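Chain by chain, the residues run as shown.
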Amino acid sequence: MLKNDVLIKVDNVSKLYQMGEVTVAALKEVSLDIYQGEFIVILGPSGSGKSTLLNILGGMDLPSEGKVFMEDEDITNYNDKKLTVYRREKVGFVFQFYNLMANLTARENVELATEICKNALNIDDVLGAVGLSDRKDHFPAQLSGGEQQRVAIARAVAKNPYLLLCDEPTGALDFQTGIKILSLLKKINQDFKKTVVIITHNMPIGEMADRVIKVRSGEIIEMKVNDSPIPPERIEW
Amino acid sequence: MKKLDVRLLRMIKNSKGQFISISVMVILALTIYVSFSMVADNLYNTIYNYYDITNFGDVFVEVVRIPKAAIDHLYTIEGIEEAQGRISSDVPLRVADPNEKVRVRVVSLPKESGGINSIYTIYGGEIQEHGKTTAVLQQFFDARGMRLGDKITPYIAGREYPLDIVGVIGSPEYIYLMENEQSLLPAPEKFGVIYVTEDFAQSVFGFQGSYNEVTIKIKDEYLHDIDRIIEDIEEQLDRYGVRRSIKREDHLSHSMLMQEVDSLEVMSTAITLLFLIVAAVIINIMLSRIVKNDRMSIGVMKALGYNNFSILAHYTKFSLLIGLVGSIIGIILSIPLSGAFTNLYIYYFNIPMFEMQVYYIYIVYGILLTSIFCIISGLIGARSVLRILPADSMRPEAPKTGGRIWLEKIKPIWNRISFSWKMVIRNILRNKKRAAFLMLGIALTYGITMVPIFMSSVWGNMFMLHYGEFQTMEYNIDFTKPMNTNVIRELQQLIDVDYIEPKTEIPFELVNGWRKKVVSVIGVPKDTQFYNFTTPTGFRIDIPNSGVILAEGLANILGADIGDEILVKNFMPDIDDKYVEVKGITQQYLGINAYMNQEELNKLMEERGMVTGALLNSKDEVATKLRDIKNIGQVQSVTDMKNSFLEFMDTIIYSMGVMMLFGGILGFAIVYNVTVISISERIMEFSSLRVLGFDKKEIYKMVTRENALITFLGITIGIPLGYGLCVSMVQGLSTELYSIPVIINPNTYAITAISTIFFVIVAQLATMRKIYKLNLLDALKSRMS
Ligand SMILES: Nc1ncnc2c1ncn2[C@@H]1O[C@H](COP(=O)(O)OP(=O)(O)O)[C@@H](O)[C@H]1O
Ligand SMILES: [Mg+2]
């Protein structure tokens, strides 16, 4: 692992939400470096600010304070247009509920993402890699949850982003299917050399990570480098 | 194809009912706009071409008697190109049924062919100098079922003159055939025009070497100065007794024609706008709901790196496609339709020629208009796309609060409501916005459907009011010349009358400042039993001892109010014009007149005891008995009026039908779309109910109850809305000759309600399929975007 190769640098980021009279601090002065090619799992209970952090990393949301550097460029200074390009070229998202377009087939869902990217990968290769070559003309409603999530991963990977951000990717899936998705993500991390960030409230998943970051109430309470990550197939919960 | 476009096309496929129903409105809007604009232009062109060919005059002067030399002298007035004398006089025509009153205008033709207002021979030959022949105006000829070679017998100065029909002709003066400004409706079988030689007319009417009408053509470059020229003409002809002079724009046929063509344009523009506005409103609502329900998908698009513009364009293309489909089909339809309609109008107007051109500019305007409407409504509908954040794709929608509704606090009422109705009311009150939008849709439908239903009863009401309440005589008799009051007694000896009143009816030009209008002023006895004058607010007005009562429309034209002094100009050479005070303004739906005490009216003419006709009620055979009586000009019975009214109704029944159809299409489109939108938004909710154990029937029943309640409320709001629309419609349609009463029969409300309910039912049946096809799994997979 190339520890020196920082892909993203999060510097003192806070996110405040004004809810009427009260101010909710979803993130409190969080600092974090993410290295090229890492597989990171962010662990924390529900409401601890994981998604908020992920959204800020992905250029979907801006912090109230602090800076986020992607390869030395401060994305918190980006305007709407630049942020859009950032999301388009640099990051791929995988959502808890897959969020596929219902009236597009699996392949079309992937194409929807790639047709606006410059360096997109070959769609059929990616669909093959996620094991959906023979289901690519099916609509989401004809696919199981795990298959839908694989389409979503293909959609994120095919853009050929620097960074794959997954918000509770197994949250809506049963154990077996969840493991398969995690293996797939690990495979993507290794074969396609993508930096992967997974957030989850599911502790055991941390065992497969290169690094586990625990958050609670908007703060990082622990950061642990995992010297011997176990393969996802051996995770139990 | 771009994947967003693929998605769009599939979206359209899923909502094809809505797509089609909105497209139909756009198609209709564009078709009506393009074809009727072309019809109007083609009509104008045809009419003006006809005028050119027949050399239609610019000024028409009616005089008592004028010798040829005086006409020739008119050329001394600068700007006059041509002046021609003729004889024109209205006489009875003998027809087989002695009860039928038919009148013809006998018009002389100059010896040399051509000239001003030359006739256009449609078939047959020309009238011969020697021998008694005539050419008959086509409308009259057709309406009476005449044939070439038939004899017709005008009754002139106490004698019958049988004439051979040798030709059937058209005339630029009588494209729109009406006897005079007072005739409210065209009745081509009761009044016609026949042309005879000048010699014949001069001899039978006793006009040797002279005429009673001058037709004048003005040089083009002097047309702007026509008013000055008319003044000069009137001055020069003053001693020949100028009865009145009319310029082309005031000419009866011409002005009626122009009114028709103008109103054609106004109506088609109004209908076009109405359709486009309704289409735009539906598009706007539909897209804003789609965008709202697509919130998560939009978040995903943004997360994938689509910018606002592409996403906004994605949704706006929905409406743009509607506009495009509508435009293409509309254009394909409108070109042949404009030809067919032009033809129909030309046939209806009896213009013996046809100019048809395709004006591509209207196609361009039409496409611009529809695209602008569609794009703007699409952008407005989809604009909330901009407010959706990419992070929204991650965040599930906050659950709707299921708190108590205010009605639950009113225990005495709430406790009485059955459980299923409680659920219905809760659903409505918890989704006030959706309920309000369905309710407004239904209200709008009610309003729009009401207008044509109301319009179809308007003419009947107007007729009933005019002949049943405003004036109640059964017969209206005009003498051929002013008579002495004794004539009333003589009439009573001839026929059995229940009640009779003398009348004096004289044309005057009423002038108030710069505004003026030629109308018949009617003098009636102070205690008239036949006229009921009422103020627009319904109060009775009595005939004043002095002063004049104006019809409301006339008062508007003259800008006159009670207390104003208006100048009453007569058409007699030696009698001074006088000022008269306006004492009242009465409602008069058909026609515009002024009314006075009979004796006061006589004073204006410096006469006493003069009558020009009589009003009477009688069960006698009035028309037959008065047939050959000297000095009886015209006998008009309410029954005749009723018949010509019914005939007129026949001719407008189609346009009424078309209006009803349009109202129905609009109404249905609104209700259909709002129902479909509101039900499809709730598919998830229904699926969840299914999961909870409700069966399809129960859900359907619940929806039906909700819709019934909302329909009821919508109709309640729709009633005042419809009333307002009818009032503005009436204001738009009233013309100088008639003002439309806003009387809405209870029937109108009921029929409108029934149609609205019918639309709701049909729309709901269409959505029933969706409920019955509900897939239980949809509820579970509900997070799919
Ligand atoms: N748009 C928002 N408005 C207000 N509060 C928010 C918003 N998004 C998140 N929050 C709050 O911020 C905190 C962290 O939320 P989130 O990052 O979604 O947590 P997690 O993903 O760890 O469950 C929570 O308390 C949440 O209620
Ligand atoms: Mg979260």
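Residues numbered from 1 in each chain as written. Chains lettered and ligands numbered in written order. Predicted model: local features only at pLDDT ≥ 70, side-chain atom pairs only at ≥ 80, totals over all residues. Heavy atoms only, no water.

A. Spatial organisation of the overall build of chain A. A count of helices and strands for chain A gives 6 helices and 10 strands. Scaling as 2.2 N^0.38, a compact globule of 237 residues should have a C-alpha radius of gyration of about 18 Å, and chain A matches this with 17 Å. Expressed along its principal axes, the backbone C-alpha trace of chain A runs to roughly 50 × 40 × 40 Å. In chain A, which comprises 237 residues, the proportion classed as buried is 56%. In chain A, once contacts between residues fewer than 6 apart in sequence are set aside, the share between residues at least 24 apart is 72%. Accessible surface computed for chain A: about 10,000 Å², of which carbon and sulfur atoms make up 46%. In chain A, 28 side chains carry a positive charge and 33 a negative one; their mean positions are 1 Å apart. (Helix = DSSP H or I, 4+ residues; strand = E, 2+ residues; numbered from the N terminus. Rg over C-alpha atoms; globule rule 2.2 N^0.38 Å. Buried < 20%, exposed > 50% of the residue type's maximum accessible area, 1.4 Å probe, protein only. Contact = heavy atoms within 4.5 Å. Areas by Shrake-Rupley, 256 points an atom, 1.4 Å probe, with all protein chains shown as cover. Lys, Arg positive; Asp, Glu negative; His and termini not counted. Charge placed at Lys NZ, Arg CZ, Asp CG, Glu CD.)

B. Region of interest: the overall build of chain B. The helix and strand inventory of chain B stands at 23 helices and 23 strands. Within chain B, counting contacts between residues at least 6 apart in sequence, those at least 24 apart form 81% of the total. As displayed, chain B offers around 35,000 Å² of accessible surface, 58% of which is attributable to carbon and sulfur atoms.

C. Molecular detail of the nonpolar core. Judged by nonpolar contacts, the single largest core of 157 residues is most densely connected at A:Ile8, B:Tyr315, B:Phe318 and B:Trp459. Here this core gets 18 residues from one element, more than from any other, and that element is helix α19 (residues 638–680) of chain B. Counting residues in each nonpolar core, the second largest holds 46 residues, with B:Phe140, B:Met146, B:Ile194 and B:Ile229 among its members. (Core = buried A, V, L, I, M, F, W, Y, C linked by side-chain atoms within 4.5 Å.)

D. Here's a closer look at the interface of chain B and chain A. With 28 residues of chain B at the contact, the number on the chain A side is 33 residues. Buried surface at the junction of chain B and chain A, both sides included, amounts to about 2,700 Å², of which 58% is carbon and sulfur. Viewed at the interface, chain A and chain B are joined by 2 salt bridges. In this structure, B:Arg10 and A:Glu108 form a salt bridge, with 2.5 Å as the shortest nitrogen-oxygen distance. Here chain B and chain A share 9 residue pairs in polar contact (both at pLDDT 80 or more) between them. Those elements that provide at least two residues to the side of chain B that touches chain A are α1 (3–14) and α8 (295–304) of chain B. For the side of chain B that touches chain A, the leading source of residues is α8(B), giving 7 residues. (Buried area = accessible area lost by both parts, 1.4 Å probe. Salt bridge = Lys/Arg side-chain N within 4 Å of Asp/Glu carboxyl O. Polar contact = N/O pair within 3.5 Å; in protein donor to acceptor, adjacent residues only side chain to side chain.)

E. How the structure looks around the pairing of strand β1 (residues 59–67) of chain B. Looking at chain direction, β1(B) and strand β11 (residues 210–218) of chain B are connected through 6 bridges and run antiparallel. Bridge assignment links B:Phe60 to a residue of β11(B), and that residue is B:Thr215. (Pairing = 2+ DSSP bridges.)

F. Region of interest: the pattern of salt bridges. With the rule as written, the count across this model stands at 37 salt bridges over all chains. Between A:Arg107 and A:Asp124 there is a salt bridge whose closest N-O contact spans 3.0 Å. Taken as a pair, A:Arg107 in helix α3 (residues 106–114) and A:Asp124 in helix α4 (residues 123–129) lie far apart in primary sequence, 17 residues in all. By relative accessible area, A:Asp124 is classed as partly exposed at 32%. Connected through salt bridges with shared partners, the residues A:Arg107, A:Glu111, A:Asp124, A:Lys136 and B:Lys3 form a single ionic network.

G. Quick peek at the sheet that holds strand β4 (residues 65–70) of chain A. All names here are of chain A. Read from one edge of the open sheet, 4 strands run β2-β1-β4-β5, paired in antiparallel fashion. Of all the strands in the sheet, just β2 (22–35) and β5 (73–74) have a single pairing partner and so form its edges. Across 5 bridges, the pairing between strand β1 (residues 6–19) and β4 is antiparallel. Across the sheet, Ile-8 pairs through a bridge with Met-70, a residue of β4. Taken strand by strand, helix α1 (residues 50–57) contacts β1, β2 and β4, and its axis lies near 55 degrees from that of β2. (Axes fitted to C-alpha atoms, helices over the stretch in contact; angles between N-to-C directions.)

H. Fine view of the site of ligand 1. With respect to spatial proximity, 12 residues lie near ligand 1, and among them A:Gly47, A:Gly49, A:Lys50, A:Ser51 and A:Thr52 are the closest. Of the chains in the model, those with residues near ligand 1 are chains A and B. The side chain of A:Tyr17 places a nitrogen or oxygen atom 3.5 Å from a nitrogen atom of ligand 1. Contact distances for ligand 1 include 3.1 Å between an oxygen atom and a backbone N or O atom of A:Gly49. Expressed as a share of its isolated accessible area of 560 Å², the protein-covered part of ligand 1 is 69%. Looking at the shell around ligand 1, the elements that each hand over two or more residues are β1 and α1 of chain A. Per element, the largest residue contribution to the shell around ligand 1 is 3 residues, and it comes from α1(A). When grouped by side-chain class, the residues that make up the shell around ligand 1 number 4 nonpolar, 6 polar and 2 charged. (Near = heavy atom within 4 Å. Nonpolar A, V, L, I, M, F, W, Y, C, P; charged D, E, K, R; others polar.)

I. How the structure looks around the environment of B:Leu689. Residue and element names in this part refer to chain B. Position of Leu-689 among the secondary structure elements: in helix α20 (residues 683–691). Judged by relative accessible area, Leu-689 falls into the buried class, the value being 11%. Taking the C-alpha atoms as reference points, Leu-689 and Ile-699, 10 residues apart in sequence, are found 7.8 Å from one another. Aside from chain neighbours lying at most four places away, what touches Leu-689 is Met-423, Phe-694, Ile-699 and Met-702.

J. Representation of helix α2 (residues 80–89) of chain A within the structure. When α2(A) is considered as a whole, its buried residues turn out to be A:Leu83, A:Thr84, A:Tyr86, A:Arg87, A:Arg88 and A:Glu89. Summarising the contacts, the buried residues of α2(A) are in contact with β1, α1, β4 and β6 (91–94) of chain A together with α8 of chain B.

K. Quick look at α8(B). All names here are of chain B. Burial of α8 is extensive: 10 of the 10 residues sit out of reach of the surface. Restricting attention to buried positions, one finds in α8 the residues Arg-295, Met-296, Ser-297, Ile-298, Gly-299, Val-300, Met-301, Lys-302, Ala-303 and Leu-304. At the exit of α8 stands Gly-305, carrying a positive phi of roughly 105 degrees.

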